[in-house]
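Here is how the chains run, residue by residue.
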Amino acid sequence: MKGEVGLTGLNHCLSDYKDCWAHVDINSYFATLIQQENPALRGQPVGIVKESGRTCIIAASKEAKLLGVSTGSRKDEALLLAPNIRLIPAQFDFYLDATRRLKRLFESLSPEVQIFSLDEAFINLTSCKYLYRDTHTFGTLVQTKIKQELGEWVTANVGISWNRFLAKIAGETGPKGSITSINQENLDYKLATTKFTDVSGVGYRLEKRLKAIGIENLYQIKLFSNQELEKHLGPFWSKQLRKMSFGEEPNLFEHIDSNPHMKSVGRSITGYKLCNNETEIKQILYNLVLETASKARSMGLAGRQISVYLSGEGRYWFSHVTLPSYVNQNKEVFELVYHYLYKKWQRSFLVIKFGVRLSLLKPETQINQPLWPTWHKQRYLEKAVDELAQKYGLFTVRPASLLNGQLIRPEVTGFLGDKSFQLGS
Amino acid sequence: MYQTIGEEIQVAGLFKKGRFWPSKFKWSGQTFNIQKITLTAEANNGGVKLRYYSVLASGNLYRLQYNRQFETWRLMEIWCEG
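Description of the structure in this document.

Analysis parameters
Residues numbered from 1 in each chain as written. Chains lettered and ligands numbered in written order. Predicted model: local features only at pLDDT ≥ 70, side-chain atom pairs only at ≥ 80, totals over all residues. Heavy atoms only, no water. Helix = DSSP H or I, 4+ residues; strand = E, 2+ residues; numbered from the N terminus. Rg over C-alpha atoms; globule rule 2.2 N^0.38 Å. Buried < 20%, exposed > 50% of the residue type's maximum accessible area, 1.4 Å probe, protein only. Contact = heavy atoms within 4.5 Å. Areas by Shrake-Rupley, 256 points an atom, 1.4 Å probe, with all protein chains shown as cover. Pairing = 2+ DSSP bridges. Axes fitted to C-alpha atoms, helices over the stretch in contact; angles between N-to-C directions. Expected span 1.5 Å × (residues − 1). Arc of directions from axis to C-beta. Salt bridge = Lys/Arg side-chain N within 4 Å of Asp/Glu carboxyl O. Phe/Tyr/Trp six-rings, centres within 6.5 Å; stacked < 30°, edge-to-face > 60°. Polar contact = N/O pair within 3.5 Å; in protein donor to acceptor, adjacent residues only side chain to side chain. Core = buried A, V, L, I, M, F, W, Y, C linked by side-chain atoms within 4.5 Å. Buried area = accessible area lost by both parts, 1.4 Å probe. Nonpolar A, V, L, I, M, F, W, Y, C, P; charged D, E, K, R; others polar.

1. Examining the overall build of chain B
Thinking step 1. A count of helices and strands for chain B gives zero helices and seven strands.
Thinking step 2. Helices and strands appear in chain B in the N-to-C order β-β-β-β-β-β-β.
Thinking step 3. What you see for chain B is a C-alpha radius of gyration of 12 Å, in line with the 12 Å of a compact globule of 82 residues.
Thinking step 4. If one aligns the C-alpha atoms of chain B with their principal axes, the spans along those axes are about 35 × 25 × 25 Å.
Thinking step 5. Taking all 82 residues of chain B together, the buried fraction comes to 43%.
Thinking step 6. In chain B, the share of contacts with a sequence separation of at least 24, taken over all contacts with a separation of at least 6, comes to 32%.
Thinking step 7. Per element, the accessible surface of chain B, about 4,500 Å² overall, is 48% carbon and sulfur.

Written out as structure tokens, the structure is:
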């Protein structure tokens, strides 16, 4: 069964697909939710900034995008393009909660849901495709339920095909609020008309390399031999791109839901101004360590590789240490970050960005604990502090060195790299 | 722009379908009737559960926070045109 649905393409019967996946992408997520919350902002160009006073736009509303404002634009650039743009601080708690609600909603439609990022999800319809007549019926149902759950201003693109790669292309390439499907009839057309910026896994540098050899879209890859592709793009990308050119899923999709536990935890922050104050740098690093180590502990993990990253004035410094044993206590991680790694830095530039990471994580249940009484004493102390935070809120009890200055609180990132932690899946 | 307030308020409302929906709140001696709840969100501060209600009252937007642990209400922010 088929028929035209608006401008978005063909309406396909779901039972025609052997495997069937839907990709749901909430349009301009951060800005749309803020507009949903505040009707005074609806229909207006809105730029979301991380906090009040920040100048980097981390998300733009549909109206701002139409005027040329994009993610990553600076405030002055945005004001030139959209003089009446409203810059609104992000509400990360709202976004994460909305994603949790969307996950529950999608799980009511299919037994298999994979959250891809904060505003994107894949729904496997293979086992329930007979419940929904066609792609348009399913897409409309999802869009209606999203509006019921989050509000009337929230729109979503729905893409449907026989795998996640094509469903995502379908979703990404349709107009805002559309339902688009790909099957054998329109596959080549979609491959030939999709820009690489809409292809998951193809970044800016790879796109540049492809253009250098005359490849402008996925379909054109078919015209190159394996040898030619391998010569220009290497053995890995030549195979991945070959798969994509036939509409097959590249390897990156295999890892969406496969991690048994996180491989690393970390936290970075960009300050408001360049910093040269030793006390301030120490405070920031300590604050980042508290969040990183506490997150590892809350997941029952410990790591044995610790890294620290600093950047500013167009320069950066990075250092790491790999230990023979695993750590996740605040004190021991901070000792390593600050005294062992940071203190070796020559302080050759002023710092604006700080990052701390604990990697090579392993479940605590698989690690032998040290026998030293001091280690256990420290562990009991930090466990007590964690319990106080559970009962009375974060930073209710905190190190004296963090009593002054602004606290850095946990927040979620758009790509949701810690989804198993944040969504508990 | 949003103006930070962070003051305790009193809230009255209804339980519907197992959930509480605020219908009015009292702040600085004045009562505000809620015309619409535009967004709700659940959040955690450590283990303390918080619930946010963004509400329209007297044509303006107010962000209310309910602390589920201590059963207290706060007016967190107000939208001020300008």
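2. Structural notes on the sheet that holds strand S7 (residues 112-117) of chain A
Residues and elements named next belong to chain A.
Thinking step 1. Overall, mixed pairing links the five strands, which are arranged S7-S8-S3-S9-S10 in an open sheet. Of all strands in the sheet, those with a lone pairing partner are S7 and strand S10 (179-181), marking the two edges. The sheet shows a mean angle of 20 degrees between the axes of neighbouring strands, direction not considered.
Thinking step 2. Where strand S9 (residues 156-161) lies against S10, three bridges are found, and the strand directions are parallel. Bridge pairing in S10 links Ile160 to Ser181.
Thinking step 3. Set on the sheet, helix H6 (residues 164-173) makes contact with strand S3 (21-26), S7, strand S8 (120-124), S9 and S10; between it and S9 the angle comes to about 145 degrees.

3. Concerning the environment of Phe106(A)
Residues and elements named next belong to chain A.
Thinking step 1. Its place among the elements puts Phe106 in helix H4 (residues 92-107).
Thinking step 2. Residues Phe106 and Tyr130 lie 24 residues apart in sequence; the distance between their C-alpha atoms is 17 Å.
Thinking step 3. Other than its neighbours up to four places away in sequence, Phe106 contacts Val24, Val113, Ala121, Ile123, Val142 and Ile146.

4. Focus on helix H12 (residues 330-341) of chain A
Residue and element names in this part refer to chain A.
Thinking step 1. Between its first and last C-alpha, H12 extends 15 Å over 12 residues, near the 16 Å set by a 1.5 Å rise per residue.
Thinking step 2. When H12 is considered as a whole, its buried residues turn out to be Asn330, Val333, Phe334, Leu336, Val337, Tyr338 and Leu341. One side of H12 holds all its buried residues, which, seen down the axis, span an arc of 165 degrees.
Thinking step 3. The elements touched by buried residues of H12 are helix H11 (278-298), strand S12 (301-312), strand S13 (315-327), strand S14 (351-359) and helix H13 (373-392).

5. What about the pattern of salt bridges?
A side chain of one charge can pair with a side chain of the opposite charge if their charged atoms are brought near each other.
Residue and element names in this part refer to chain A.
Thinking step 1. One pass over the structure, following the stated rule, counts 26 salt bridges over all chains.
Thinking step 2. Glu152 is paired through a salt bridge with Arg42; the nearest N and O atoms lie 3.0 Å apart. Taken as a pair, Glu152 in the loop between helix H5 (135-150) and S9 and Arg42 in the loop between helix H1 (29-37) and strand S4 (46-49) lie far apart in primary sequence, 110 residues in all.
Thinking step 3. Accessibility expressed as a relative area gives 19% for Arg42, which makes it buried.
Thinking step 4. Put simply, Asp386 and Arg297 hold a salt bridge, and the shortest N to O gap is 2.9 Å. On the criterion of sequence distance, the pair formed by Asp386 in helix H13 and Arg297 in helix H11 is long-range, its members being 89 residues apart.
Thinking step 5. Here Arg297 falls in the buried class, since its relative accessible area comes to 15%.
Thinking step 6. Through salt bridges with shared partners, one network takes in Lys50, Arg267, Glu291 and Glu411.

6. Topic: the packing of aromatic side chains
Residues and elements named next belong to chain A.
Thinking step 1. Summed over all chains, the structure comprises 29 aromatic pairs over all chains.
Thinking step 2. For the ring pair Phe236 and Trp237, a centre distance of 5.2 Å and an interplane angle of 80 degrees mean the geometry is edge-to-face.
Thinking step 3. Residue classification places Phe236 among the partly exposed residues on the basis of a relative accessible area of 47%.
Thinking step 4. On the accessibility criterion, Trp237 (23% relative accessible area) is partly exposed.
Thinking step 5. By way of ring pairs, the aromatic residues Tyr286, Trp317, Phe334, Tyr338, Tyr342, Trp345 and Phe349 are connected into one cluster.

7. A closer look at the side chain of Lys129(A)
Thinking step 1. Inspection of the secondary structure assignment puts Lys129(A) in the loop between S8 and H5.
Thinking step 2. Within the structure, the side chain of Lys129(A) is placed 2.8 Å from the backbone oxygen of Lys18(A), a separation counted as a polar contact.

8. Comments concerning the nonpolar core
Residue and element names in this part refer to chain A.
Thinking step 1. Counting 56 residues, the largest nonpolar core has Tyr29, Ile48, Tyr95, Phe106, Leu125, Phe138 and Ile146 as the members making the most contacts within it.
Thinking step 2. By residue number, the principal contributor to this core is H4, which donates eight residues.
Thinking step 3. When residues no more than four places from it in sequence are discounted, the contact partners of Tyr95 are Tyr29, Phe30, Leu33, Ile34, Ile48, Ala90 and Leu118.
Thinking step 4. In this structure, Cys275, Leu290, Ile306 and Tyr338 belong to the second largest nonpolar core, which totals 38 residues.

9. A closer look at the interface of chain B and chain A
Thinking step 1. Each partner contributes to the interface: chain B provides 23 residues, whereas chain A provides 24 residues.
Thinking step 2. At the boundary of chain B with chain A, total buried surface from both sides reaches about 1,900 Å², with 49% on carbon and sulfur atoms.
Thinking step 3. When residues of chain B are sorted by the area they lose upon contact with chain A, Leu39(B), Arg63(B) and Trp79(B) head the list and together hold 24% of the total.
Thinking step 4. Linking chain B with chain A are two salt bridges, by the criterion used here.
Thinking step 5. With a closest N to O distance of 2.6 Å, Arg63(B) and Glu37(A) form a salt bridge.
Thinking step 6. Between the two partners, chain B and chain A, sit 14 residue pairs in polar contact (both at pLDDT 80 or more).
Thinking step 7. At eight residues, the largest contribution of residues to the side of chain B that touches chain A is made by strand S4 (residues 30-45) of chain B.
Thinking step 8. For the side of chain B that touches chain A, the per-class residue count stands at 10 nonpolar, eight polar and five charged.

10. Observations concerning the sheet that holds strand S2 (residues 10-16) of chain B
Thinking step 1. Within the open sheet, the seven strands sit side by side as S1-S7-S6-S5-S4-S3-S2 (chain B). Their pairing is antiparallel. The sheet is open, and its two borders are formed by strand S1 (2-8) and S2 of chain B, each paired with just one other strand. Within this sheet the neighbouring strands show an average axis-to-axis angle of 30 degrees, counted without direction.
Thinking step 2. Across four bridges, strand S3 (residues 19-27) of chain B lies against S4(B) in antiparallel orientation. Considered in S4(B), the bridge of Lys24(B) is made with Asn33(B).
Thinking step 3. Relative to S4(B), H1(A) is tilted by about 150 degrees, and along the sheet it contacts S1, S4, strand S5 (48-57) and strand S6 (60-67) of chain B.
Thinking step 4. The strands that H4(A) touches are S4, S5 and S6 of chain B; relative to S4(B), the one it contacts most, it runs at about 75 degrees.

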